[in-house]
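Overview (structure and organization)
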Amino acid sequence: MIPVFITGTGTDIGKTIVSIIISNALQADYWKPVQVGDIGGTDKEQVRQFIGANNKCLPEVYHLSIPASPHIAARHEQTEIDLNRINEYFQEVKKNYSDSDYVVIEGAGGLLVPLNEREFVIDLILTLKAKVILVSRNYLGSINHSLLTAEVCRQRGVDVLGWVFNDEYMHYEEEIADWSGYPIIARIPKLENISREILSIQASLIRENLLRILEQVP
C-alpha cells in the first residue's frame, strides 16, 4: 500500500475536498487518523458522500469532539495522541492491501500542528512513510505560507509529490512551484456547488498528471 498524505499551508484551505478528488483519481480508500471537532459532522462523513462507490472510509484512530488543536482537544478528553498507536493500526490495515494500492490520508491543519506535547503532523507523516501532497489556497499571504511549508518539508526530508492549488487562481502558482522546487499536480477551481459528479470530473482532469508524477517517484 502506498500512503498519500494530504496536508497544506494551514487550516480551512480545502484539504477535505482535495482528499476526495485525489481519492477518486487514484480509486483509493480514505483515512483521517485524527479527527478534531465534529460540529456539523466529521470529515469522514463528508468524504463518504462523494468518494467512489468501491472505495472505503477507514475509521479514525482518534475522534476528539472539541474543535481545537489536536493536543488541546486530547488533553480536554484526558487522553494523549500516540503516533505509535496510529502506526500500529496502519501497519495492520496494510495487510489487506496490495503493494500497488493507494490510501489517501488527510492530516489535521498544517505540518506543525501539534498532536501531543512533543510531536506534530509532520512527525506522523514521517512515521507513516507517506508521500505528501501540499494544498495551498489562494489568499493574501499564501505565497509566504506555501514557501514556509515547502521549506519545512525539505528540512525534514518529507517525500513531497507536489502542489494542489485550490480556489481562484491568482497567477502566482508557477512561481510558488519554481521557488519551492515541487511541481504542480493540479489546480482546483473555486467550486460554488459540490456534488459527486463535479468532484468526479475534477478527479478525471487530474488523474493522468497525478499518476505520471507518482510513477516518477521511487
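Small disclaimer: the values here were computed from a predicted structure and weren't measured. (Residues numbered from 1 in each chain as written. Predicted model: local features only at pLDDT ≥ 70, side-chain atom pairs only at ≥ 80, totals over all residues. Heavy atoms only, no water.)

Structural notes on the nonpolar core
The following threshold applies: As used in this record, nonpolar core signifies buried Ala, Val, Leu, Ile, Met, Phe, Trp, Tyr and Cys residues forming a set joined through side-chain atoms within 4.5 Å. Categorising residues by exposure relies on relative accessible area from a 1.4 Å probe, with only protein chains included: less than 20% of the type maximum marks a residue as buried, more than 50% marks it as exposed, and the intermediate range marks it as partly exposed. For this analysis, residues touch if any pair of their heavy atoms sits within 4.5 Å.
Formed by 40 residues in total, the largest nonpolar core has its most connected members in Phe5, Trp31, Ile81, Ile86, Ile125 and Leu128. Excluding residues that lie within four positions of it along the chain, isoleucine 86 makes contacts with Trp31, Pro33, Val34, Val61, Tyr62, Ile81 and Leu124. One finds Leu26, Leu161, Ile185 and Leu214 within the second-largest nonpolar core, a separate group that totals 31 residues.

Regarding the pattern of salt bridges
Opposite charge on two side chains allows them to pair when their charged atoms are near. Stated formally: One side-chain nitrogen of Lys or Arg within 4 Å of one carboxyl oxygen of Asp or Glu is enough to make a salt bridge. Numbering of helices and strands runs from the N terminus, with a helix taken as a DSSP run of H or I at least four residues long and a strand as a DSSP run of E at least two residues long.
Applying the stated criterion across every chain yields a total of 10 salt bridges. The closest approach of N and O atoms between lysine 131 and aspartate 159, which form a salt bridge, is 3.1 Å. You can see lysine 131 sitting in strand E7 (residues 131-137) and its partner aspartate 159 sitting in strand E8 (residues 159-166), a full 28 residues away along the chain. Residue lysine 131 is classed as buried on the basis of its relative accessible area of 12%.

Section: the sheet that holds E7
This is how it is decided: One requirement defines pairing of two strands: DSSP has to find at least two bridges between them. Angles run from 0 to 180 degrees between N-to-C directions of axes, and those axes are lines fitted to C-alpha atoms, restricted for helices to the stretch in contact.
In space, the 7 strands of this open sheet follow the order E4-E2-E6-E1-E7-E8-E9, with parallel pairing throughout. With one partner strand each, in any of the chains shown, strand E4 (57-58) and strand E9 (184-188) form the two edges of the open sheet. Two strands pair when backbone bridges link them, and E8 and E9 are joined in this way by 4 bridges, in the parallel orientation. Among the inter-strand pairings, asparagine 166 is bridged to a residue of E9, identified as isoleucine 188. Packing of helix H8 (residues 196-216) onto the sheet brings it into contact with strand E6 (102-110), E7, E8 and E9, and relative to E9 it is tilted by some 170°.

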